[in-house]
Amino acid sequence: VRATVGEEILVPTYFIFSDVSEVSKALLPDRFILKMSHGSGWNIACYAKSNFDIEKALRKMAHWESTNYYDIGKELPHKNIKPRVLCEQLLGDESGIEDYKIFCFNGEPAYIQVDYDRSTHHKRIFYDLNWKALPFTTLYPRGEKIFIKPKKLNQMLSIAEKLSRDLPFARIDFYYYLSKIYFSEITLHHGGGFEPFFPNKFDAILGDRIKL
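Residues numbered from 1 in each chain as written. Predicted model: local features only at pLDDT ≥ 70, side-chain atom pairs only at ≥ 80, totals over all residues. Heavy atoms only, no water.

## Considerations on the environment of Glu88
Positionally, Glu88 belongs in strand E4 (residues 85-88). Accessibility expressed as a relative area gives 11% for Glu88, which makes it buried. In the structure, Glu88 is positioned 56 residues away from Phe32 in sequence and 5.7 Å away in space, judged by C-alpha atoms. Not counting chain neighbours up to four residues away, the residues in contact with Glu88 comprise Val11, Pro12, Thr13, Tyr14, Phe32, Ile33 and Lys35. (Helix = DSSP H or I, 4+ residues; strand = E, 2+ residues; numbered from the N terminus. Buried < 20%, exposed > 50% of the residue type's maximum accessible area, 1.4 Å probe, protein only. Contact = heavy atoms within 4.5 Å.)

## Focus: unusual backbone geometry
Notably, Trp131 is not glycine yet its phi reads approximately 65°, a positive angle. Relative to the assigned elements, Trp131 resides in the loop between strand E7 (123-127) and strand E8 (133-134). Of the residues examined, Trp131 reaches a relative accessible area of 12% and is grouped as buried. Despite not being glycine, Leu139 shows a phi value in the positive range, around 65°. You can see Leu139 is positioned in the loop between strand E9 (136-138) and helix H4 (153-163).

## Thoughts on the side chain of Arg142
By the element assignment, Arg142 lies in the loop between E9 and H4. Within the structure, Arg142 has its side chain in polar contact with the backbone oxygen of Leu134 (distance 2.8 Å). (Polar contact = N/O pair within 3.5 Å; in protein donor to acceptor, adjacent residues only side chain to side chain.)

## Side note on the sheet that holds strand E2 (residues 32-36)
In space, the four strands of this open sheet follow the order E1-E4-E2-E3, with antiparallel pairing throughout. Both edges of this open sheet fall to strand E1 (13-17) and strand E3 (43-46), since each of them pairs with a single strand only. In this sheet, adjacent strand axes meet at a mean angle of 15° when their direction is disregarded. Pairing of E1 with E4, which is carried by four bridges, proceeds in the antiparallel orientation. Opposite Thr13, over in E4, you have Glu88 as the bridge partner. The sheet strands contacting helix H2 (residues 54-65) are E2, E3 and E4, and the helix crosses E3 at an angle near 160°. (Pairing = 2+ DSSP bridges. Axes fitted to C-alpha atoms, helices over the stretch in contact; angles between N-to-C directions.)

Below, the structure written as structure tokens:
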């Protein structure tokens, strides 16, 4: 990412630990997020170190560290990743943060996924490049919430195009916080490759563009 579009969109990294045993509460800043490098969703957020249960976090991360995520979803890119613990700047608060997932095919952005209510009743909405809501979803119910088009959407699309160049498919994810774009991740397998696309209800407008 740094070589392709520049490091200003990278979330600041405080530490990279080669082993869970290296993680020390004394080293950590007051707010941070710990992420395992070799899995998916293996993250622990800390909004105030004074309330952070480091022992519980270390036990959880030790379990993750001993697990090969490839054995769970069979995504080949996960198979040989060396486990590390990333300590990054924590963006947003406990209510969550805006994130946008851009689906790109052969280096061309096609549509944008927006998720919300992740911790309660997870929903998602797909938009086209002109920010028109699309009548389909994947895995989770299609939401009805109206999202305002991000002011820097065109910049996100441009970055996604550059990062997905020469790849048959890539989903390029971003955080959007305090009007600034941050890179989140690149995935080659949306939902591990197992999330079907389906219309929320039959819509003749789609025609044969969605294959079930």
